[in-house]
Amino acid sequence: MAEEKVRTSSRASSRGGTEKRKKKNQIPIAMIIFAVIAGIGVWLGFKEETLLLYWLLGLAFGFTLQRSRFCFTASMRDPYLTKSTSITRAVLIAFAITSIAFTAIKYGYFINGLAIPGQSYIAPISIATAIGACMFGIGMVIAGGCASGTLMRIGEGFWMQVISLFFFIVGSLWGAHDFGWWKRTFMLKAPKIFLPDYLGWLGGLVVNLLIIAVIYVIAHKWEKKHSDGLSH
Amino acid sequence: MAKEVELDCMGEACPIPLIKTEKALEELEVGDTLIVLVDHSCAMKNVPEWARKQGHEVELEEVDDGEWEVYIEKMK
């Protein structure tokens, strides 16, 4: 945690008066937490091996998210606020990689004549998706984080985000309560699209990647356009 | 004489520190320094990034665990 990125410049010396507070040594607590993590891992491993895998993947995901400052909220918000699309493009690259990987996994099952995993997650596209996306978008900008970002910042000790988590749970419960109505009113009438059914496995992947590439180019141009305009 | 102004954004979530920084910088003269105090890890990233893109001189220092000071010298 003590990692610092300090950019030195000519005026670094002019600020000698700032006395540094002595940081607490975090090594002991880190070792305790590491021991607890390892202990839980061993316990889960004896219980069921897949649980250990989930535990490790979850930890790796959280660690990557925290260290990389990867933020889905910022990826959607910064293009408006600061005209920066660096995180937006990082998310698009992540989408592209997962598209390729998931297609590979699904195709692997398909050519071996096995049931394709994860097909139950293909949900109909309806107006409910669009409404939900808008509500989530507004909410996450106000709350200062999406689901993963909120969890990560609670882990970092940012307590205000606990309020976000509380209302995230309240909202999820409310959503679950009304889910039947949304399903009956919109989702059952909407088309359910699995691209490989329409375009073939390769076609589906190519179209998916093309859409991502187009958004990437637009994002890049957007940032460039606005940063060029700055030097007035 | 260039002045130093402190902007306390402790406990404020992204993107509030960024917007406050933007507004505070507008009030300052070229050569003045704005010191932004943040404890939201996202702000520690986007405040310096934004300020650098605007062409200001920026330094970032972690003054305590999870608390940062962003020094922004207004360049234009």
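Residues numbered from 1 in each chain as written. Chains lettered and ligands numbered in written order. Predicted model: local features only at pLDDT ≥ 70, side-chain atom pairs only at ≥ 80, totals over all residues. Heavy atoms only, no water.

1. Details of the packing of helix α1 (residues 27-47) of chain A against helix α2 (residues 49-68) of chain A
Residues and elements named next belong to chain A.
Turning to step 1, where the next piece is worked out: With their axes 7 Å apart at the nearest point, α1 and α2 run at an angle of 150° to one another. Here α1 is positioned roughly antiparallel relative to α2, judged by the angle of their axes. Contacts from I37, I40, G41, L44 and G45 in α1 reach E49, L51, L52, W55 and L59 in α2.
Turning to step 2, where the next piece is worked out: Looking at the contact of α1 with α2 residue by residue, the class counts come to seven nonpolar, two polar and one charged. (Axes fitted to C-alpha atoms, helices over the stretch in contact; angles between N-to-C directions. Helix = DSSP H or I, 4+ residues; strand = E, 2+ residues; numbered from the N terminus. Parallel < 35°, antiparallel > 145°, perpendicular 65-115°, else oblique. Contact = heavy atoms within 4.5 Å. Nonpolar A, V, L, I, M, F, W, Y, C, P; charged D, E, K, R; others polar.)

2. Some points on the domain arrangement of chain A
All names here are of chain A.
Turning to step 1, where the next piece is worked out: If you check the domain split of chain A, you get domain 1 (1-68) and domain 2 (69-231).
Turning to step 2, where the next piece is worked out: Counting each side, the surface lost to burial between domain 1 and domain 2 is near 550 Å², with a carbon and sulfur contribution of 58%.
Turning to step 3, where the next piece is worked out: The largest share of the area that domain 1 buries against domain 2 comes from L65, Q66 and S68, three residues that together contribute 85% of it.
Turning to step 4, where the next piece is worked out: For the pair domain 1 and domain 2, the number of links is three residue pairs in polar contact (both at pLDDT 80 or more). (Domains from an automatic or database assignment. Buried area = accessible area lost by both parts, 1.4 Å probe. Polar contact = N/O pair within 3.5 Å; in protein donor to acceptor, adjacent residues only side chain to side chain.)

3. Section: the nonpolar core
All names here are of chain B.
Turning to step 1, where the next piece is worked out: Residues L34, V36, V38, V70 and I72 are the most contacted members of the largest nonpolar core, which totals 19 residues.
Turning to step 2, where the next piece is worked out: The set of elements that each furnish at least two residues to this core consists of β1 (4-9), α1 (16-27), β2 (33-38), α2 (43-53), β3 (57-64) and β4 (67-73).
Turning to step 3, where the next piece is worked out: No other element matches the five residues that α2 contributes to this core. (Core = buried A, V, L, I, M, F, W, Y, C linked by side-chain atoms within 4.5 Å. Buried < 20%, exposed > 50% of the residue type's maximum accessible area, 1.4 Å probe, protein only.)

4. Remarks on the pattern of salt bridges
Where charged atoms from two side chains of opposite charge come close, those side chains can pair.
Turning to step 1, where the next piece is worked out: Overall, the coordinates contain six salt bridges over all chains when judged by the stated rule.
Turning to step 2, where the next piece is worked out: The residue D78(A) makes a salt bridge to R77(A) at a minimum N-O spacing of 3.3 Å.
Turning to step 3, where the next piece is worked out: Owing to a relative accessible area of 6%, R77(A) belongs among the buried residues under this scheme.
Turning to step 4, where the next piece is worked out: R89(A) is paired through a salt bridge with E223(A); the nearest N and O atoms lie 3.0 Å apart. Remark: E223(A) occurs in helix α8 (residues 195-228) and R89(A) occurs in helix α4 (residues 86-111); sequence separation between them is 134 residues.
Turning to step 5, where the next piece is worked out: Judged by its relative accessible area of 13%, R89(A) is buried.
Turning to step 6, where the next piece is worked out: Within this structure, R89(A), E223(A), K45(B), E49(B) and K53(B) form a network of salt bridges that share partners. (Salt bridge = Lys/Arg side-chain N within 4 Å of Asp/Glu carboxyl O.)

5. A short note on the packing of aromatic side chains
All names here are of chain A.
Turning to step 1, where the next piece is worked out: Under the counting rule described, the total for this entry stands at nine aromatic pairs over all chains.
Turning to step 2, where the next piece is worked out: Relative to W182, the ring of W181 lies with its centre 5.1 Å away and its plane at 80°, an arrangement referred to as edge-to-face.
Turning to step 3, where the next piece is worked out: Its relative accessible area of 25% is what places W182 among the partly exposed residues.
Turning to step 4, where the next piece is worked out: A connected cluster of aromatic rings, assembled from ring pairs, spans Y107, F110, F194 and W201. (Phe/Tyr/Trp six-rings, centres within 6.5 Å; stacked < 30°, edge-to-face > 60°.)

6. Details of the state of the cysteines
In protein chemistry, a disulfide is the covalent bond that joins the sulfur atoms of two cysteines.
Turning to step 1, where the next piece is worked out: For the structure on display, the rule yields one disulfide over all chains.
Turning to step 2, where the next piece is worked out: Paired by a disulfide, C14(B) and C42(B) hold their sulfur atoms 2.5 Å apart. The disulfide joining C14(B) to C42(B) has a torsion of about -60° about its S-S bond and is therefore left-handed. Of this pair, C14(B) sits in the loop between β1 and α1 while C42(B) sits in the loop between β2 and α2, and the two are 28 residues apart along the sequence. By the burial criterion, C14(B) is buried, and C42(B) matches it.
Turning to step 3, where the next piece is worked out: Left unpaired, C134(A) is separated from the closest cysteine sulfur, that of C146(A), by 16 Å. (Disulfide = S-S within 2.5 Å.)

7. Details of a nonpolar patch on the surface
Turning to step 1, where the next piece is worked out: Together, M160(A), I163(A), F166(A), F167(A) and V170(A) make up an exposed nonpolar region whose accessible area comes to about 480 Å².
Turning to step 2, where the next piece is worked out: Along the chain, the position of V170(A) falls in helix α7 (residues 160-185). (Patch = residues over 30% accessible without salt bridge, like charges linked within 9 Å, V, L, I, M, F, W, Y side chains within 5 Å. Areas by Shrake-Rupley, 256 points an atom, 1.4 Å probe, with all protein chains shown as cover.)

8. Here's the deal with the pairing of β1(B)
Remember that side chains alternate between the two faces of the sheet whenever the strand is regular.
All names here are of chain B.
Turning to step 1, where the next piece is worked out: Alignment of β1 against β2, held across six bridges, turns out to be parallel. Residue pairing across strands places E4 opposite T33, the latter belonging to β2.
Turning to step 2, where the next piece is worked out: Since β1 and β2 lie parallel, the crossover through α1 that links them has a hand, and here it is right-handed. (Pairing = 2+ DSSP bridges. Right-handed = clockwise from strand over helix to strand, strands pointing away.)

9. Quick look at the pairing of β4(B)
All names here are of chain B.
Turning to step 1, where the next piece is worked out: Summarising burial for β4: six of the seven residues are buried, a large majority.
Turning to step 2, where the next piece is worked out: Pairing analysis gives six bridges linking β2 to β4, with the strands arranged antiparallel. Following the sheet pairing, V36 is matched in β4 by V70.
Turning to step 3, where the next piece is worked out: Inspection of the sheet shows β3 paired to β4 by seven bridges, in the antiparallel sense. Residue E59 lies in a different strand from β4, and its bridge partner there is Y71.
Turning to step 4, where the next piece is worked out: Where β3 folds back on β4, the antiparallel hairpin that results is connected by two residues, among which G66 adopts a positive phi of roughly 75°.

10. A few points about the sheet that holds β1(B)
Residues and elements named next belong to chain B.
Turning to step 1, where the next piece is worked out: Strand order across the open sheet formed by four strands is β1-β2-β4-β3, with mixed pairing between neighbours. Each end of this open sheet is capped by a strand with a single partner; those strands are β1 and β3. The average angle at which neighbouring strand axes cross in this sheet is 20°, direction not considered.

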